[in-house]
Amino acid sequence: MRLNYIDNIDCLEGLKEIPDNSVDLIVTDPPYGIGIKSQGSDSGTKKSKLNPWADMCNASFWYSAWLSECQRILKDDGAVWSFINWRYFTTLQKAGLDIGWSVESLLIWDKGLIGTGGQKGLRPCYEQVMLFTKPNFRIEDRSLRDIQYFQWKTIKPTGHPAEKPLDLIRWLMQISGKTKGAVIVDPFMGSGTTAVAAALEGANYIGFEMDANWVEKAQKRIASTAQEVAEAEAVAGD
């Protein structure tokens, strides 16, 4: 199995090339709302031509397609950490149930940042991370809570609009016990944060990203990180 690369292809194509039971952990941030055409009426009085609930259920087919591949390639002690927000939580939850994989737990990531949100309701300051686990996965530190604070900011370091904090991704790997020598997969690699986290934790990575621009930027970012790690190891060895 080829390691430490990002392919500029659809993840549904790339995941199929990974052997069964060969991956330790999947950490990813899928596009939210894929295939969802209707959110209903903002006012609550007008009726959409589409049934919002049925539309969200139909959209779960895309989520279940890549999630089932993740289920196949994970080892028996592996897991998936998948970011999602409250609007599409039920869509990803249904996708899991459709393939016989229920959510084990839900992490609430407190960003320490108030988002823009809508004009009528509460301002958002968190995202969710759903945990799907294989039978032998376990978080050994039983003191960990399901609400965690990782400060974030409006302007992202790489400019990617959906970038997640490097420290948060590393923490997910650490509490999962998947660091040195582990194989980490991210089907939606984006700016390369999961790969950078893997490199810093001594793990291997496999990623897929359809935007060639972000593949190039991620590869440069990973190369820079690899150089930093090599220099740090050289200093430590002196």
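Before going into details, it helps to say that this report is about the structure given with it. In this text the structure is predicted, and so the values were computed from the model without any measurement.

1. Focus on the nonpolar core
- Membership of the largest hydrophobic core comes to 32 residues, with the highest contact counts inside it found for Trp81, Leu168, Leu172 and Ile184.
- Considering each element in turn, this core owes the most residues, 6 residues, to helix α4 (residues 166–175).
- Sequence-distant contacts of isoleucine 184, defined by excluding residues within four places in its chain, comprise Leu25, Val27, Met173, Lys178, Thr194, Ala198, Ala203, Asn204, Tyr205 and Ile206.
- Listed in part, the 26 residues of the second largest apolar core include Ile26, Leu67, Cys70 and Phe89.

2. A word on the environment of glycine 181
- By secondary structure assignment, the location of glycine 181 is in the loop between α4 and β7 (183–186).
- Here the alpha-carbon distance between glycine 181 and glutamine 148, two residues 33 residues apart in the chain, equals 26 Å.
- Here glycine 181 is in contact with Gly202, Ala203 and Asn204, once residues within four sequence places are set aside.

3. Points about helix α6 (residues 212–237)
- Its 26 residues place the ends of α6 37 Å apart at the C-alpha level, agreeing with the 38 Å of an ideal helix rising 1.5 Å per residue.
- Burial in α6 covers these residues: Trp214, Val215, Ala218, Arg221, Ile222 and Thr225.
- Taken together, the buried residues of α6 touch β1 (5–7), α5 (193–200) and β8 (204–208).
- The backbone nitrogen of asparagine 213 lies 2.9 Å from a side-chain oxygen of the residue at the head of α6, namely aspartate 211.

Rules used in this analysis
Residues numbered from 1 in each chain as written. Predicted model: local features only at pLDDT ≥ 70, side-chain atom pairs only at ≥ 80, totals over all residues. Heavy atoms only, no water. Core = buried A, V, L, I, M, F, W, Y, C linked by side-chain atoms within 4.5 Å. Buried < 20%, exposed > 50% of the residue type's maximum accessible area, 1.4 Å probe, protein only. Helix = DSSP H or I, 4+ residues; strand = E, 2+ residues; numbered from the N terminus. Contact = heavy atoms within 4.5 Å. Expected span 1.5 Å × (residues − 1). Polar contact = N/O pair within 3.5 Å; in protein donor to acceptor, adjacent residues only side chain to side chain.

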